[in-house]
Amino acid sequence: DAAKADFVNLTTCGKGVVVLHHAIANYNEWPDYVELLGAHYYLRPKTVAGVAKARSQYQHDVNFKVKIATPDHPVTRGVEDFEIHDETYKGFDVASDVTPLLKSDEPLSGPVIGWAKTNGKSRWVYLQLGHDNFAYENPNYRQLLEQAILWTSGRD
């Protein structure tokens, strides 16, 4: 409990957080992390607020198009829609209080695949992309990651 409180305090007091790829599934039984992240990935079927949720899905090695949802945001500024070879996630919930940054109409993916939000004084960014070297070799992904780090640290 003390470690959880420390994590919440650290990540709401002004320290920026960039969450990548698999980390959407971290601590998914801990409501505070789900709230801070702005999404819930289901490792197994679950009922949430009376609604049955199936296990979230993933698919390796998919070529798909990433659409920039908010082109004027500091994280996405200067990045245009692009294609990437990466892993997709589907069947996770995204909170209504996030700012969608990246979207996809790939059937094997959820529609919102990157977002920004603030928690207290801290800026958070989640990027679904980043499974392996194919993502890191993509210059658009590298630019998004760099700009996410700068924005969450307040140096945008």
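Overview of the structure. Just so it is clear, the structure is predicted and the values come from calculations on it, not from any experiment.

Some thoughts on the nonpolar core
Generally speaking, a soluble globular protein has its nonpolar side chains buried in company with each other. Ranked by internal contacts, the top residues of the largest apolar core, which has 21 residues, are Val 66, Phe 82, Ile 84, Leu 102, Val 125 and Leu 129. At the level of elements, strand E5 (57–68), strand E6 (82–90), strand E8 (99–103), strand E9 (112–119), strand E10 (122–127) and helix H4 (139–152) are the ones that each hand at least two residues to this core. Once you skip the residues sitting within four places of it in the chain, Ile 84 turns out to touch Val 62, Asn 63, Phe 64, Val 66, Leu 129, Ala 135, Asn 138 and Tyr 141. Among the nonpolar cores identified, the runner-up in size contains 18 residues, and Val 17, Val 19, Trp 30 and Leu 37 belong to it.

With respect to the environment of Gln 128
Inspection of the secondary structure puts Gln 128 in the loop between E10 and helix H3 (133–136). For the pair Gln 128 and Asn 28, spaced 100 residues apart in sequence, the C-alpha separation works out to 16 Å.

Here we look at the pattern of salt bridges
Pairs can form between side chains of opposite charge whenever their charged atoms are close. With the rule as written, the count across this model stands at six salt bridges. One salt bridge in this structure joins Glu 29 and Lys 46, with 3.2 Å as the shortest N-O distance. With Glu 29 in the loop between strand E1 (17–20) and helix H2 (31–37) and Lys 46 in strand E3 (residues 46–48), this residue pair connects regions lying 17 residues apart in the sequence. Taken together, the shared-partner salt bridges connect Glu 29, Arg 44 and Lys 46 into one network.

Thresholds, definitions, all that
By convention here, each chain's residues receive numbers from 1 onward along its written sequence. Since the coordinates come from a predicted model, pLDDT governs what is reported: local features require at least 70, and pairs of side-chain atoms require 80 or more to be given and counted, while whole-chain, interface and lining totals use all residues. In computing side-chain values, all of the structure's heavy atoms are included and hydrogens and water are not. Residues enter a nonpolar core if they are buried and are Ala, Val, Leu, Ile, Met, Phe, Trp, Tyr or Cys, with the set joined through side-chain atoms within 4.5 Å. Accessibility here uses a 1.4 Å probe with only protein chains present; expressed as a share of the type maximum, an area under 20% marks a residue as buried, one over 50% as exposed, and anything in between as partly exposed. The numbering of helices and of strands both runs from the N terminus, where a helix is a DSSP run of H or I of at least 4 residues and a strand a run of E of at least 2. Throughout, a residue-residue contact means that at least one pair of heavy atoms, one from each residue, lies within 4.5 Å. We define a salt bridge as a side-chain nitrogen of Lys or Arg found within 4 Å of a carboxyl oxygen belonging to Asp or Glu.

Such coordinate-based values are descriptive only and should not be taken to indicate function.
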